Amino acid sequence: VRQVVEGYTGKAHNGHLYLTTSPTEDVLAVVGVGVVNGERFVTTGLLVRLVGDFVIVEHDRNDKSVLDALLQAGIPRDKIILAYAGEPVLEAV
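Residues numbered from 1 in each chain as written. Predicted model: local features only at pLDDT ≥ 70, side-chain atom pairs only at ≥ 80, totals over all residues. Heavy atoms only, no water.

Caption draft 1: Fine view of the pairing of strand β5 (residues 54-60). With five of seven residues buried, β5 is to be regarded as a mostly interior element. Bridge analysis of strand β4 (residues 39-51) against β5 gives six bridges, and the strand direction is antiparallel. In the sheet register, R49 faces β5, and the bridge partner there is I56. Taking the residues between adjacent antiparallel strands as the criterion, β4 and β5 are bridged by two residues, where G52 takes a positive phi near 60 degrees. (Buried < 20%, exposed > 50% of the residue type's maximum accessible area, 1.4 Å probe, protein only. Helix = DSSP H or I, 4+ residues; strand = E, 2+ residues; numbered from the N terminus. Pairing = 2+ DSSP bridges.)

Laid out in structure tokens, this is it:
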């Protein structure tokens, strides 16, 4: 999962996209820092949580959905929860 999320980092049109993680690496986020029309901005484009054997996508603002990238990496669809799209996040998860 980390490799997939890292694929969304790097130089962007108006700045740079960085991978940030929690100390236990169970929360991964891609944060963008840049300048548009002379104004600095910071935004979170992707936030993924790992809970048990589930990948919970809390936020995804990318042109190429992280769902597609996770599936291409071999993660089964039934282990991916798109919380941002309204898919239920089980209380135990």
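Caption draft 2: Main features of unusual backbone geometry. The phi angle at E25 is positive, at roughly 60 degrees, despite the residue not being glycine. Note on placement: E25 falls in the loop between β2 (15-21) and β3 (27-36). Judged by relative accessible area, which is 39%, E25 ranks as partly exposed. Phi angles above zero are rare outside glycine, and N37 is one such case at about 50 degrees. Relative to the assigned elements, N37 resides in the loop between β3 and β4.

Caption draft 3: Geometry of the pattern of salt bridges. Under the definition given, this model contains five salt bridges. Taking the shortest distance from any N to any O, the salt bridge between E58 and R49 comes out at 2.8 Å. In this structure E58 comes out as partly exposed when scored by relative accessible area, which is 29%. Look at R49 and you get partly exposed, because its relative accessible area is 25%. (Salt bridge = Lys/Arg side-chain N within 4 Å of Asp/Glu carboxyl O.)

Caption draft 4: View of the environment of D26. Its location among the elements puts D26 in the loop between β2 and β3. A relative accessible area of 31% means that D26 is categorised as partly exposed. The spatial distance from the C-alpha of D26 to the C-alpha of G52 is 9.5 Å, given a sequence separation of 26 residues. Ignoring any residue separated from it by four or fewer positions in sequence, one finds D26 in contact with V48, R49 and L50. Polar side-chain contacts of D26 include one of 2.7 Å to the side chain of T24. (Contact = heavy atoms within 4.5 Å. Polar contact = N/O pair within 3.5 Å; in protein donor to acceptor, adjacent residues only side chain to side chain.)

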